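If you want the building blocks of each chain, they are given just below.
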Amino acid sequence: MVKENIRKLYNKAVGLQKWLSGPSNVQPDGPNRPDPIYSSWLTEHPSALTSFHALTSATEGKQIVVFLDYDGTLSPIVNDPDRAFMSDAMRSAVREVAKLFPTGIISGRSRDKVHGFVMLDEVHYAGSHGMDIMGPPSRLNSYDDKYQTNTMDKKGNEITIFQPAKEYLPTIKKMLEELKQRTCDIPGVFVEDNRFCISVHYRHVLNEDYGDLDEIIQNLLSENPFFHLTRGKKVLEIRPSIEWNKGDALVYLLETMGFSNSSDVVPFYIGDDNSDEDAFKVLRSRGQGHGIVVSSSPRETSASYSLCDPTEVLSFLLRLSRWGDTLMS
Ligand SMILES: O=P(O)(O)OC[C@H]1O[C@H](O[C@H]2O[C@H](CO)[C@@H](O)[C@H](O)[C@H]2O)[C@H](O)[C@@H](O)[C@@H]1O
C-alpha cells in the first residue's frame, strides 16, 4: 500500500514535470540546469557508465552475455523507420564486444531488416520481438520441434531457426494487406511489415486523424481475435497472442548458447522501449545479470541501470570491450 502510494506520487511528479516542460520529450538538463526528478531517478537507476566498475567487478569468473535492442539503442530514433541507420562507430563497437562475449540483438523489426542494418555475422539475431530467432545450433527438446529448424547459414555454419508464431504467418500477411488498404487514405501512416508482427507508425499522422486510425486497427483486431496490440514509440504493433516476448527470446538464446542452468552467466540487456521491459523483468525475476534502460527522462522500468541515449550506449560498449580485452591479455 505504502509502496503503491509512493509509486503514484512518483508518477504524478513525473507527469507534472512533463507538463511543465511542454509537449516534447524531457531532456536531461545540462550541468547548468540540474533536473531534480531525473537526478532522483538516477539514484534508483544509476548510469551504467558511472557504475561500470560495480557492474563488471561482480562478473569475475563468470561469463558475460550481451543482449542489445536495435532502435533507440544502437541507432537513434529518427522520423523515417527505413533510415534508422547505425553508425560505423557503433557497428565496430558491437563487433568488438561480440568478439569477446556472446552477443544477441533482439528487435521488434523483422530479423532480415535488423540484420540488414547491423550487418554483422558475429552476433545472433532475434526479430519480430523475439518471434523469429536465428541462434546457435540447438537440440533443445523443451521447445516444440515444429517451431525449431536446424539448418545452415550462408557461410555453411550450423544454425537453428526458432519461430514460435509460425502458423500465424498466412493470417499476418492478410492482415498486413488489409491494413495497408484500409489506412491508405490517412496521410502519414506507415505500415511496416515485421514478418511476425505489424508495426503501424503514426509519427506523421495529424492528431485529428488518429481516431480514424485507431478505429481501423480496433476493427481489424476484432475480426482477428487471436491478435493483440502493444505500443512503442509513436508506433502501434499488432502481434499474435502467443506467450512469447523479448524476455522469452533472451532465455531461449541463453539456453542455446549453453547457459541454461548456469549460475555463472551474467547477461546484460540494453534497450529503450516498452517491449524491452519484458527482458528486464526476466532478468529481475531470475536474479541474474543487469537490465540497462536507455532513457533521457525518468520512466517506470524494471531495469536496474540506465544510459541516456545511443551515444552513451556506444561509450558503454567501447568500455566493455576495452575491459574485456584486458581480461584476455
Ligand atoms: O525493438 P526495437 O529494435 O527497438 O524496434 C522497435 C520498433 O522500432 C522502430 O520504430 C521506432 O524507431 C523508428 C526509427 O527510429 C521511429 O521512426 C519509430 O517512431 C519508432 O517507433 C521500427 O520501425 C519498428 O518496426 C520496431 O518495432
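- The name that an unreviewed UniProt entry assigns to the protein is Trehalose 6-phosphate phosphatase, with the source organism given as Perilla frutescens var. hirtella.
- UniProt, in the comment section headed Function (unreviewed entry), describes the protein in these words: "Removes the phosphate from trehalose 6-phosphate to produce free trehalose. Trehalose accumulation in plant may improve abiotic stress tolerance."

Observations concerning the sheet that holds strand β12 (residues 290-294)
Remark on secondary structure: sheet strands pair via backbone hydrogen bonds, oriented parallel or antiparallel.
And step 1. What the nine strands build is an open sheet, ordered β5-β6-β4-β3-β2-β1-β11-β12-β13; its pairing is mixed. At either end of the open sheet lies a strand with only one pairing partner, and these are β5 (148-152) and β13 (305-307). In this sheet, adjacent strand axes meet at a mean angle of 20° when their direction is disregarded.
And step 2. When β5 meets strand β6 (residues 158-162), the two strands line up antiparallel, connected through five bridges. What sits directly across from Thr149, in β6, is Ile161.

Overview of the nonpolar core
And step 1. Membership of the largest hydrophobic core comes to 56 residues, with the highest contact counts inside it found for Phe67, Leu179, Ile198, Ile217, Ile238, Trp244 and Leu250.
And step 2. Among the elements that make up this core, the one with the highest residue count is helix α8 (residues 246-256) (six residues).
And step 3. Those residues in contact with Leu179, other than ones at most four positions away along the chain, are Val191, Ile198, Val200, Ile216, Ile217, Leu220 and Ile238.
And step 4. Residues Leu49, Ala98, Val123 and Tyr305 belong to the second largest nonpolar core, which totals 36 residues.

A closer look at the packing of aromatic side chains
And step 1. Within this structure, the stated rule accounts for 17 aromatic pairs.
And step 2. Pairing Tyr143 with Trp244 gives two aromatic rings, centres 6.1 Å apart and planes at 80°, and the pair type is edge-to-face. Here the residue Tyr143 occupies a position in the loop between β4 (132-135) and β5, and Trp244 occupies one in the loop between β10 (235-240) and α8, the gap between them amounting to 101 residues. Neither residue differs from the other here; Tyr143 and Trp244 are each classed as buried.
And step 3. Among the aromatic side chains, those forming a connected cluster through ring pairs are Phe52, Phe101, Phe268, Phe316 and Trp323.

Quick look at the site of the ligand
And step 1. Neighbouring residues of the ligand: 22 residues in total, closest Asp69, Val78, Glu192, Lys233 and Glu237.
And step 2. Between the ligand and Ser107, the relevant distance is 2.7 Å, taken from an oxygen atom to a side-chain nitrogen or oxygen of the residue.
And step 3. Between Glu192 and the ligand, the recorded distance is 2.6 Å, taken from a side-chain N or O atom to an oxygen atom.
And step 4. Burial of the ligand by the protein chains amounts to 99% of its free accessible area of 570 Å².
And step 5. More than half of the atoms belonging to the ligand lie within 2 Å of the grid points that define the largest cavity.
And step 6. At the level of secondary structure, the elements contributing two or more residues to the shell around the ligand comprise β8 (198-201) and β10.
And step 7. Residues belonging to the shell around the ligand are distributed by class as follows: seven nonpolar, seven polar and eight charged.

Side note on the side chain of His290
And step 1. By the element assignment, His290 lies in strand β12.
And step 2. Contact partners of His290, with chain neighbours within four places excluded, come to Leu55, Val266, Pro267, Phe268, Tyr269, Leu283 and Tyr305.

Quick look at empty space enclosed by the protein
And step 1. Counting across every chain of the model gives one cavity of 30 Å³ or more.
And step 2. Approximately 350 Å³ is the volume attributed to the largest cavity.
And step 3. Looking at the lining of the largest cavity residue by residue, the class counts come to seven nonpolar, eight polar and 13 charged.

Thresholds applied
- Residues numbered from 1 in each chain as written.
- Predicted model: local features only at pLDDT ≥ 70, side-chain atom pairs only at ≥ 80, totals over all residues.
- Heavy atoms only, no water.
- UniProt positions renumbered as here; feature names shortened; annotations may be inferred.
- Pairing = 2+ DSSP bridges.
- Helix = DSSP H or I, 4+ residues; strand = E, 2+ residues; numbered from the N terminus.
- Axes fitted to C-alpha atoms, helices over the stretch in contact; angles between N-to-C directions.
- Core = buried A, V, L, I, M, F, W, Y, C linked by side-chain atoms within 4.5 Å.
- Buried < 20%, exposed > 50% of the residue type's maximum accessible area, 1.4 Å probe, protein only.
- Contact = heavy atoms within 4.5 Å.
- Phe/Tyr/Trp six-rings, centres within 6.5 Å; stacked < 30°, edge-to-face > 60°.
- Near = heavy atom within 4 Å.
- Polar contact = N/O pair within 3.5 Å; in protein donor to acceptor, adjacent residues only side chain to side chain.
- Areas by Shrake-Rupley, 256 points an atom, 1.4 Å probe, with all protein chains shown as cover.
- 1 Å grid on protein atoms, 1.4 Å probe; cavity = no way out; pocket = protein on both sides within 12 Å on 5 of 7 lines; lining within 4 Å.
- Sits in = over half its atoms within 2 Å of the grid points.
- Nonpolar A, V, L, I, M, F, W, Y, C, P; charged D, E, K, R; others polar.
- Points joined across faces, edges and corners; volume = space filled by probe spheres on them.

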